[in-house]
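Architecture and fold: a report
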Amino acid sequence: MSGQKVMAAMSGGVDSSVTALLLARQGYEVCGGTLLLWQGENPREQSGCCALSEVEDARRVCARLGVEHYTFNLKDVFCREVIDRFAEGYRRGETPNPCVDCNRSVKFTRLFEKASLLGCELLATGHYARIEREEGSGRWLLRRGADPAKDQSYVLYVLSQETLAHTLFPLGDLTKREVRELAAAEGFPTASKSESQDICFVPDGDYAAFLERRLGAVSPPGHFLSRTGEVLGEHRGMLRYTLGQRRGLGVSAAHRLFVVEKDLSGNAVILGDECDLYARRMPVSSVNWVSAPPISAPLRARVKSRYRQEAQPAWLHPSPDGVLVEFDAPQRALTPGQAAVFYDEESGEYLLGGGTISTMPADAVYSRPVGKA
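Residues numbered from 1 in each chain as written. Predicted model: local features only at pLDDT ≥ 70, side-chain atom pairs only at ≥ 80, totals over all residues. Heavy atoms only, no water.

1. Examining the side chain of Asp57
The topology assignment puts Asp57 in helix 2 (residues 52-65). Its relative accessible area of 13% is what places Asp57 among the buried residues. (Helix = DSSP H or I, 4+ residues; strand = E, 2+ residues; numbered from the N terminus. Buried < 20%, exposed > 50% of the residue type's maximum accessible area, 1.4 Å probe, protein only.)

Right, dumping it as structure tokens:
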């Protein structure tokens, strides 16, 4: 609604730049807000959305639009709520998704608190997703972005109805190409900037070295074991391996081997055939329901267990800890710590909810690999 005051979350990239541009064109009273989240262990180490150069680019865009720009230092919150959770997840043998925690604990909470103190009624971000209001129930619905290659609804499953009511996604109906064209036409310095592919606080991609520094302990070497307990070689520390990994194992074998399990108590990495990675069922905990109320009976849905995966048909079964997902077909490398996100079965457009993939209980009757069948 034109005239409302809205803060655009400004990362210094092209998406947030065009977000602010579109809001201004639509008649909102816009200001930009940039978060300082991570400086790097080396004071000169800067990369991605946390770099000081990105803050300057965001400020330049706001100056070009004639709107105010604010910078907020939330490094302590980010370290506690995102980096520490990331490190502890790996310590437990999981593969966590820090972008989900950042959205839940920083961007859509702490930043909105800052925006509210400045009189902003709304927060806008450059996510490729859409928000709709359901007629009748009045419930807010989270919908996939129009550009399937850029849809980011997967990392937004943590949002609440209250958050959706105060959030705008101006890029939801656009493609990335259209966004870049708008930025170029406006003369923004961010128009041709490349996108960061790394986690902002691990710019070199060496997660194991970062985690060892963060946890203050070296991940000790141990055995690679077969599923029958045969020693196949020595691993370089469990932090260096994730479910489904094939490259970098350093184990000679007559056929390809994959990481199929991690035995924390025995400090062993279990290797097996690719078929050992497939399963139909996965437990999901810490479930947040977004566009639908919590289920009390089995529900058909489409489920993504990875960000770059097509949503797969499945049943959602209510369970004491959240939801048990039962896929129609076996899925590869269902990894504890990653997000599992549920979409409606009919269109696959609306995000029903999501949660964190848990470890399958060892004594569960449904805990069995199902091979390639």
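Having seen the structure, we can now continue with the description.
2. Here's the deal with the sheet that holds strand 13 (residues 299-304)
On the basis of which strands lie adjacent, the closed barrel formed by 6 strands has the order 12-15-14-13-16-17 and antiparallel pairing. Each strand axis lies, on average, 45° off the axis of its neighbour in the sheet, ignoring direction. Where strand 16 (residues 339-344) and strand 17 (residues 351-357) come together, 5 bridges link them in antiparallel fashion. Residue Ala340 lies in a different strand from strand 17, and its bridge partner there is Gly355. (Pairing = 2+ DSSP bridges. Axes fitted to C-alpha atoms, helices over the stretch in contact; angles between N-to-C directions.)

3. Section: the nonpolar core
With 47 residues, the main nonpolar core has Met7, Phe78, Val106, Leu142, Leu156 and Phe201 as its most contacted residues. Elements with a contribution of two residues or more to this core: strand 1 (5-9), strand 2 (29-36), helix 3 (75-91), helix 4 (98-107), helix 5 (110-117), helix 8 (207-215) and strand 16. With 8 residues, helix 3 is the single largest residue contributor to this core. Not counting residues within four places of it along the chain, the set of residues in contact with Phe78 comprises Leu37, Trp38, Ile83, Cys102, Val106, Cys200 and Phe201. (Core = buried A, V, L, I, M, F, W, Y, C linked by side-chain atoms within 4.5 Å. Contact = heavy atoms within 4.5 Å.)

4. Remarks on the side chain of Gln152
With respect to the helices and strands, the residue Gln152 is situated in the loop between strand 6 (140-144) and helix 6 (161-165). Classification of Gln152 by relative accessible area gives buried; the value is 18%. Contact partners of Gln152, with chain neighbours within four places excluded, come to Gly126, His127, Tyr128 and Tyr307.

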